[in-house]
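Report on the structure
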Amino acid sequence: MADTALTARPRSPLADAAHRLAAATRSSRGAIRLAELPFLAQVNVRLDAKGPAADAVGLALGLQLPLEPNNVVHAGDLTAVWLGPDEWLVVGRPGTERDLESRIRSAGGDEPVGVTDVSAQRTTLLVAGPRARDLLSHGCPLDLHPRAFGPGRCAQTTLARAQVVLVAREEPRAGFWILVRSSFAGYLVDWLLDAAMEYA
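The present account deals with the structure reproduced in this document. (Residues numbered from 1 in each chain as written. Predicted model: local features only at pLDDT ≥ 70, side-chain atom pairs only at ≥ 80, totals over all residues. Heavy atoms only, no water.)

**Some words on helix H5 (residues 182-196)**
Relative to the 21 Å expected for 15 residues at 1.5 Å per residue, H5 spans 21 Å between its end C-alpha atoms, a close match to the ideal helical length. Looking at H5, one finds that the buried residues are Ala185, Leu188, Val189, Trp191, Leu192, Leu193, Ala195 and Ala196. (Helix = DSSP H or I, 4+ residues; strand = E, 2+ residues; numbered from the N terminus. Expected span 1.5 Å × (residues − 1). Buried < 20%, exposed > 50% of the residue type's maximum accessible area, 1.4 Å probe, protein only.)

Laid out in structure tokens, this is it:
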């Protein structure tokens, strides 16, 4: 019987753009930083936020699922992104998606909990630096001023007409994550690089 296991290393949607992102970062002289964060584990979770499963899942993950709209909770290597009243995206280190799925399912017990590995659906772009907000404001309809969209905030929105999940990272100077569908990633990088020419 033929061995059908995948032997090729996975290739990120933006593998060919890494040098262009690095070049834009260099030419901005510190104003912006652009990079792909490939293969982050991404697990979609659906459950009753007021039910016992929410607390159990939080304990299993070591972080409380955010209950306030458009907020993010970060603990260790995990980030929980609020997507709706009963929906979250749990983001972790590459290769941890199966472990996350298992922990969430086990913690849910007999409660109705939906767990879906969506890691291959999107890739993640990092946009950081002192001019990151200005860059994103060129194509995002949200008010990205720190008073309105400060660290620990998130939103499902559009950037250059591409649907994204935008996350303002909590760490100082950590910038933003842009979670974008793999099929739109190349287009979005082209837009970001074009917009970033202003800072070259």
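**Quick notes on the sheet that holds strand E5 (residues 87-92)**
Ordered by their spatial adjacency, 5 strands build an open sheet running E3-E4-E5-E2-E6, and the pairing between neighbours is antiparallel. On the outer flanks of this sheet lie strand E3 (72-75) and strand E6 (114-117), each paired with one strand and no other. Each strand axis lies, on average, 20 degrees off the axis of its neighbour in the sheet, ignoring direction. For E3 and strand E4 (residues 78-84), the ladder comprises 4 bridges, and the chain directions are antiparallel. The partner of His74 across the bridge, within E4, is Thr79. With respect to the sheet, helix H3 (residues 97-108) is in contact with strand E2 (41-46), E4, E5 and E6, its orientation differing from that of E2 by roughly 20 degrees. (Pairing = 2+ DSSP bridges. Axes fitted to C-alpha atoms, helices over the stretch in contact; angles between N-to-C directions. Contact = heavy atoms within 4.5 Å.)

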